[in-house]
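Observations on the three-dimensional arrangement
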Amino acid sequence: PQAAFVVGNNPQGVAFDGANIWVANQNSNNVTKLRASDGANLGTFAVGVLPRFVAFDGANIWVTNENSRTVTKLRASDGVNLGSFPVGISPSGIAFDGANIWVANSNNSNVMKLRASDGALLGTFPVGNFPFGIAFDGANIWVTNTSSNNVTKLRASDGANLGSFSVGTLPFGIAFDGANIWVANRGGNVTKLRALDGANLGSFGSGTGPGSSPISIAFDGANVWVANNSSNNITK
């Protein structure tokens, strides 16, 4: 690595706000704000119990708190706590659709849509078993259903279910590349789905493979990056 920067205990979710990196420290019940340019620590801010994942809405940072069954909203400029809002059991993945925050409630098999301006609950939508990762494609919300081995596509405007699509074993992380949805399957590969209709465009295992446990995935504008939880490496 170019550099390493100290944060809290058991860091998990990470998000970028345009200038800074925010890290959810699962066992410290807080998030750390680091200046992206040099890693300077700009503050640590208390959230709920067992914070997991983080999203940025253009002005604020949202954090899912697994054991509090809440999401916390922090003002990105200074970390001021703007409120905590109730969600379901074991909230994990979180995404912003341009106006609303979507939260995957792993132990409720549903997702919730909250209005970002005030945290009001706008709807609860059933998906598959143990939803975990969540991504927005510009019009729709995609959710990995870890125990169903598929992903669900919901229309962001009204939550209508547009279909469920089979992927690999134990899908966790999910990302959108501008045209396609990529899913990291802990069973050992990555699946590519066409966002338009969910068509399966292939599964890829090069550099991942059985035992590697691909868990998180991100798109950098040109390539897809996969974190392999058990083999301690990253695949590009």
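Shown above is the structure to which this text applies.
Here goes a summary of the coordinates provided.

What to know about the overall build of the chain
Helix and strand counts for the chain stand at 0 helices and 23 strands. For the chain, the C-alpha radius of gyration of 17 Å lies close to 18 Å, the compact-globule estimate for 236 residues. The principal-axis extent of the C-alpha atoms belonging to the chain is close to 45 × 40 × 30 Å. The proportion of buried residues among the 236 residues of the chain is 52%. A sequence separation of at least 24 residues applies to 32% of the contacts in the chain between residues at least 6 apart. Carbon and sulfur atoms make up 50% of the accessible area of the chain, which amounts to about 9900 Å² in all. In the chain, 14 side chains carry a positive charge and 12 a negative one; their mean positions are 3 Å apart.

Digging into the sheet that holds strand β13 (residues 131-136)
Within the open sheet, the 4 strands sit side by side as β13-β14-β15-β16. Their pairing is antiparallel. Edge positions in the sheet fall to β13 and β16 (161-166), since each has one partner strand and no second. Each adjacent strand pair in this sheet contributes to an overall mean axis angle of 20 degrees, direction not counted. Here β13 pairs with strand β14 (residues 140-145) via 4 bridges, running antiparallel. If you follow F136 over to β14, its bridge partner there is I141.

Let's talk about the side chain of S92
Here S92 is to be found in strand β9 (residues 91-96). Using a relative accessible area of 0% as the deciding quantity, one classes S92 as buried. There is a polar contact of 3.2 Å between the side chain of S92 and the backbone oxygen of F132. With residues up to four places along the chain from it excluded, the contact list for S92 reads R52, F53, T64, A104, S106, P131 and F132.

So, the nonpolar core
One finds W62, V71, V87, I94, I101, V103 and L114 to be the most contacted residues of the largest nonpolar core, which totals 15 residues. Of all the elements in the fold, those that place two or more residues in this core are β5 (51-56), β10 (100-105) and β11 (110-115).

A look at the pairing of strand β6 (residues 60-65)
For β6, the buried fraction is high: 6 of the 6 residues fall into the buried class. Burial of the side chains of β6 extends over both faces: N60, W62 and T64 are buried on one face and I61, V63 and N65 on the other. Bridge analysis of β5 against β6 gives 4 bridges, and the strand direction is antiparallel. Residue F56 lies in a different strand from β6, and its bridge partner there is I61. In this structure, the hairpin formed by β5 and β6 is closed by a connection of 3 residues, where G58 is found at a positive phi of approximately 105 degrees. When β6 meets strand β7 (residues 70-75), the two strands line up antiparallel, connected through 6 bridges. Note on β7: the bridge partner recorded for N60 is R75.

Observations concerning the layout of surface pockets
Here the largest pocket is characterised by a volume of approximately 1800 Å³. What lines the largest pocket is a set of 41 residues, among which V14, A15, S216, I217 and A218 lie closest to the centre. Secondary-structure elements contributing two or more residues to the lining of the largest pocket are β1 (11-16), β2 (20-25), β5, β9, β13, β17 (171-176), β21 (214-219) and β22 (224-228). Ranked by residues supplied to the lining of the largest pocket, first place goes to β1 with 6 residues. Of the residues contributing to the lining of the largest pocket, the split by class is 33 nonpolar, 8 polar and no charged.

Rules and cut-offs
- Residues numbered from 1 in each chain as written.
- Predicted model: local features only at pLDDT ≥ 70, side-chain atom pairs only at ≥ 80, totals over all residues.
- Heavy atoms only, no water.
- Helix = DSSP H or I, 4+ residues; strand = E, 2+ residues; numbered from the N terminus.
- Rg over C-alpha atoms; globule rule 2.2 N^0.38 Å.
- Buried < 20%, exposed > 50% of the residue type's maximum accessible area, 1.4 Å probe, protein only.
- Contact = heavy atoms within 4.5 Å.
- Areas by Shrake-Rupley, 256 points an atom, 1.4 Å probe, with all protein chains shown as cover.
- Lys, Arg positive; Asp, Glu negative; His and termini not counted.
- Charge placed at Lys NZ, Arg CZ, Asp CG, Glu CD.
- Pairing = 2+ DSSP bridges.
- Axes fitted to C-alpha atoms, helices over the stretch in contact; angles between N-to-C directions.
- Polar contact = N/O pair within 3.5 Å; in protein donor to acceptor, adjacent residues only side chain to side chain.
- Core = buried A, V, L, I, M, F, W, Y, C linked by side-chain atoms within 4.5 Å.
- 1 Å grid on protein atoms, 1.4 Å probe; cavity = no way out; pocket = protein on both sides within 12 Å on 5 of 7 lines; lining within 4 Å.
- Points joined across faces, edges and corners; volume = space filled by probe spheres on them.
- Nonpolar A, V, L, I, M, F, W, Y, C, P; charged D, E, K, R; others polar.

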